[in-house]
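Secondary and tertiary structure notes
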Amino acid sequence: MGPVVVLLLLVGYASAEVAPSLGDVITSRDQTRLRELFRKTPIDSLTTAYYVSNGLRILGEQDNSKKQTCSYIQQHTPDSTSLDTIFYATSVDALFDCEVSYSSFEKSLKDSLNSERNVSELFYIVSSLTNIGSKVDQKLLSPSKLLDLAEQEESILSYGQAFLTASLLTDGDLTSLMDTVEDVAVQADESPTSLYFEGGIETTSTAITGIVRLGTRTGNRPTLSALQATLFGKYFLSIKYTETISEAFYVLQAVEALAHNKFFVPTGVTLVNRLPINIHNQKLEVHLTNILNEPVPPSDVKLVTIESSSGDKDTINKSFTSESDGITYSYLLFPQVGSPGGYKVILSTEPKTDSPIAQLVHVELPVIVSFSVVVESAEISIIERDQNVAVKTVPLQYPTTSQDNLSADQHSKVKMTFQLLNKQNKEKVNVHQTFVRLVSAHKEEIYFVATPTNIGIYTFELDLADAAKEFFNSQSGTYEMSLIVGGMSVENPFSWDIGSLNLKFPGTPQDETSEELEYRYKPRPEIQHLFRAPEKRPPTVVSFTFAILVMAPVVLLVPVWLLLGGNILNITVSGPWAIIFHIGLIGIFGLYYLFWVQLNMFQTLKYLIILGGVTFISGNRMLRQIAKYRSA
Ligand SMILES: *[C@@H]1O[C@H](CO)[C@@H](O)[C@H](O)[C@H]1NC(C)=O
């Protein structure tokens, strides 16, 4: 291989862009749901009129909202100072031609371009002018001014609106705006499976729509890779179940931009249905579509590998057949994959022509191969426990019910054996769910799991002595026996009534007493919160005596003073000062008490300075009066 060939291979490889599959699309069911959401929304504002009419337009149903939205905008003239309402009204009129004349707004809109405006206002003005058929050229608004403003505002929403606005300008150099696309795109936040901008659906939708429209306007591919476009697409798909019309509008606006452009159209491979593959449904059918579930240019869809749930990989590398609808690709999977079970199929797609769709690699889809199961060689025996010999054996034939009445007691075992086969190829198979059910005359159901001893060979053994208490509560009587077979890959799950068994257990059944039953189903007593009970107090006589003893000295104080010759009478000679002094003194004691119970030291000191001052001065005056009286 010469260097030229290597170079060609490299170039060829580099030109086919690789992206993951969207995995999901806005399916026709989603579209019906979203249409309903818009239709049932009452038009009660110009904003709603805008969201509803445009949402339905993208869903191909614009005529359904025409009458309603037109009549609303005919009756509600936007406020000439509110640029967004002018935008909403003129957009609806541009879509439907409601015969409302907005030409009177033209001059004021053009004038308003001269005053200081932010990007979102410029977006409303330029869009409104375009809606009413008035062109905006670079003399009215230059692309560089838009870019400068967006850079100042530093928000992704501003960039998105700047891109949208620029795409409406009739002339001017848009190169520098195109150059910022890459820087804007790298500011996206990443989740494990998607890309989005901080600010959510409005910001992300505005930015992606702006990028696509700017590219369409300039005719050049914006610097956004197929991988980025797909990851943004996955973000919009994650919001498709919204119940909010503004969000629904923003999702649709963005997916429309991603579905209809010349640069990057994310695609998704989806299963046409979830039916299992089997003899009746042999084809694996997938849809290859854009994000709006519409056809894309033909691709070569390949089945690369098939992986079984146990991890066995089969390399296939064969192409799907493309059906005439341009969307469906099918592959005859059966009987190539005949053995039942869950599989992972890996697909790849490669566009056949140069087109905006990417090459998808490693598209993983779950597939189930199902089969009809038949029961064969079934028989039931009663085994004598000690000698381990069958005392009676009854062959069973699915789906008939045996009329033999089998009896067993604690000295015997009941043993059933059967084989499960794939009806198609008669191979023995295991299935996920195999149960034996016994139903008593009282309709009590007891389930046992039948386990395979070898692939497809099942044995069910019931030792009555062991099982008596644990499962049967020693309840003797007739039990109806059935075999239940089902599972993920079983096409014909069934419950087969085998026949009846007469079981005899020693001992008497333990009836649940009515008390037990009542206890099980009765409401429990309400739980009341209990506060801790206060400790017991001493008898009132004790506390009363104690209080009197404590207070006694106070009562005794005055007579004792008199007895000791206290000169209380001096108060009269010192006049009012004595009274103030004593009030002050009592006040200080009161303060001392308060210091104990509530005041802190600083508060106490503050009051003490006042009280102390008064007490000091009055005490001083009082002593002087007394001295004067004595010396007189
Ligand atoms: C743009 O200006 C309008 C009107 O002054 C204001 O309501 C709006 O919040 C501004 N937008 C931004 C993004 O600053």
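Attention here is on the structure that accompanies the text. (Residues numbered from 1 in each chain as written. Predicted model: local features only at pLDDT ≥ 70, side-chain atom pairs only at ≥ 80, totals over all residues. Heavy atoms only, no water.)

**Some details on the overall build of the protein chain**
- Scanning the protein chain from terminus to terminus reveals 19 helices and 21 strands.
- Since a compact globule built from 632 residues should have a radius of gyration of about 26 Å, the 46 Å found for the protein chain marks it as more spread out than a globular shape.
- In terms of its C-alpha atoms, the protein chain occupies a principal-axis envelope of roughly 140 × 105 × 65 Å.
- When burial is assessed residue by residue, the protein chain has 41% of its 632 residues classed as buried.
- Sequence separation of 24 or more characterises 70% of the internal contacts of the protein chain that already satisfy a separation of 6 or more.
- Accessible area of the protein chain: about 35,800 Å², with a carbon and sulfur share of 56%. (Helix = DSSP H or I, 4+ residues; strand = E, 2+ residues; numbered from the N terminus. Rg over C-alpha atoms; globule rule 2.2 N^0.38 Å. Buried < 20%, exposed > 50% of the residue type's maximum accessible area, 1.4 Å probe, protein only. Contact = heavy atoms within 4.5 Å. Areas by Shrake-Rupley, 256 points an atom, 1.4 Å probe, with all protein chains shown as cover.)

**Quick look at a nonpolar patch on the surface**
- Residues Tyr592, Tyr593, Leu594, Phe595, Trp596, Val597, Met601, Phe602, Leu605 and Leu608 make up a contiguous nonpolar surface patch of roughly 1,100 Å² in combined accessible area.
- Counting residues per element, the ones that place at least two in the nonpolar patch are helix H18 (576-597) and helix H19 (601-631).
- It is H18 that contributes the most residues to the nonpolar patch, six residues altogether.
- Its place among the elements puts leucine 605 in helix H19. (Patch = residues over 30% accessible without salt bridge, like charges linked within 9 Å, V, L, I, M, F, W, Y side chains within 5 Å. Salt bridge = Lys/Arg side-chain N within 4 Å of Asp/Glu carboxyl O.)

**A short note on the sheet that holds strand E16 (residues 433-439)**
- Spatial strand order, E14-E21-E20-E16-E17: five strands in an open sheet with mixed pairing. Because the sheet does not close on itself, it has two edges, and the strands there are strand E14 (406-408) and strand E17 (445-449). Mean inter-strand twist for the sheet, computed between neighbouring axes without regard to direction, equals 30 degrees.
- Judged from the three bridges that link them, E14 and strand E21 (residues 494-503) form a sheet pairing that is parallel. (Pairing = 2+ DSSP bridges. Axes fitted to C-alpha atoms, helices over the stretch in contact; angles between N-to-C directions.)

**Some details on the nonpolar core**
- Ranked by size, the top nonpolar core spans 88 residues in total, and within it Phe38, Phe163, Leu177, Leu214, Phe232, Phe236 and Val255 carry the most contacts.
- With 11 residues, the single largest contributor to this core is helix H13 (residues 245-259).
- Leucine 177 has contacts with Pro143, Leu147, Ala162, Phe163, Ala166 and Leu214, leaving out every residue within four places of it along the chain.
- Of all hydrophobic cores here, the second largest spans 39 residues; its members include Val429, Leu438, Phe494 and Ile498. (Core = buried A, V, L, I, M, F, W, Y, C linked by side-chain atoms within 4.5 Å.)

**With respect to the pairing of E16**
- Of all seven residues in E16, five are buried, a share of seventy percent or more.
- Note that E16 and strand E20 (residues 477-486) share seven bridges and pair antiparallel. Paired with phenylalanine 435 across the strands is isoleucine 484, a residue of E20.
- Direction of pairing for E16 relative to E17: antiparallel, over a ladder of five bridges. Bridge assignment links valine 439 to a residue of E17, and that residue is glutamate 445.
- Turn length for the E16-E17 hairpin, with the two strands adjacent in sequence and antiparallel, is five residues, and the turn residue lysine 443 shows positive phi of about 65 degrees.

**Regarding the sheet that holds strand E12 (residues 373-384)**
- The strand order E13-E12-E15-E19-E18 describes an open sheet built from five strands, whose pairing is antiparallel. Each end of this open sheet is capped by a strand with a single partner; those strands are strand E13 (389-396) and strand E18 (451-454). Adjacent strand axes in the sheet meet at a mean angle of 30 degrees, parallel and antiparallel pairs treated alike.
- One ladder, built from seven bridges, connects E12 with E13; its direction is antiparallel. Within E13, the residue paired with isoleucine 383 across the bridge is alanine 390.
- In the packing of helix H14 (residues 464-472) onto the sheet, the strands contacted are strand E15 (412-422) and strand E19 (457-463), and the crossing angle to E19 comes to about 80 degrees.

**Some points on unusual backbone geometry**
- A cis amide bond, omega 5 degrees, links phenylalanine 334 with the succeeding residue proline 335.
- The topology assignment puts proline 335 in the loop between strand E9 (328-332) and strand E10 (341-351).
- Following tyrosine 398, the chain continues into proline 399 via a peptide bond in cis, with omega recorded as 5 degrees.
- Within the secondary structure layout, proline 399 lies in the loop between E13 and E14.
- At serine 377, a position not held by glycine, the phi torsion is positive, near 45 degrees.

**Regarding the environment of valine 367**
- By the secondary structure assignment, valine 367 is in strand E11 (residues 359-369).
- In this structure the C-alpha to C-alpha distance between valine 367 and leucine 564, which are 197 residues apart in sequence, comes to 114 Å.

**Side note on the pattern of salt bridges**
- Following the criterion strictly, the structure yields 20 salt bridges and no others.
- Between lysine 302 and aspartate 300 there is a salt bridge, with the nearest N and O atoms lying 4.0 Å from each other.
- Judged by its relative accessible area of 28%, lysine 302 is partly exposed.
- Overlapping salt bridges, with partners in common, bring together Asp24, Asp30, Arg33 and Lys240 in one network.

**A closer look at the state of the cysteines**
- What the rule picks out here adds up to one disulfide.
- Between the sulfur atoms of cysteine 70 and its disulfide mate cysteine 98 the distance is 1.9 Å. Because the torsion about its S-S bond is -75 degrees, the bridge between cysteine 70 and cysteine 98 counts as left-handed. Linking cysteine 70 in helix H4 (residues 63-75) with cysteine 98 in the loop between helix H5 (83-96) and helix H6 (105-112), this pair joins segments that are 28 residues apart in sequence. For the pair formed by cysteine 70 and cysteine 98, the shared burial category is buried. (Disulfide = S-S within 2.5 Å.)

**A word on the packing of helix H7 (residues 119-131) against helix H9 (residues 156-166)**
- Interhelical geometry of H7 versus H9 gives an angle of 25 degrees and a closest axis separation of 9 Å. Of the possible angle classes, the one that applies to H7 and H9 is roughly parallel. For the element pair H7 and H9, the recorded crossing hand is left-handed. Listed contacts from H9 to Val119, Ser120, Leu122, Phe123 and Val126 of H7 are Ser158, Gln161, Ala162, Leu164 and Thr165.
- Counted by class, the contact of H7 with H9 contains six nonpolar, four polar and no charged residues. (Parallel < 35°, antiparallel > 145°, perpendicular 65-115°, else oblique. Left-handed = near helix turned anticlockwise from the far one by under 90°. Nonpolar A, V, L, I, M, F, W, Y, C, P; charged D, E, K, R; others polar.)

**Notes on the packing of helix H8 (residues 143-153) against H9**
- It is the contact of H8 with H9, at a shortest axis distance of 9 Å, that shows an interaxial angle of 170 degrees. The orientation of H8 relative to H9 falls into the category roughly antiparallel. Taking contact as the criterion, the partners of Leu146, Leu147, Ala150, Glu151 and Glu153 in H8 are, on H9, Ser158, Tyr159, Ala162, Thr165 and Ala166.
- In terms of residue class, the contact of H8 with H9 is built from six nonpolar, two polar and two charged.

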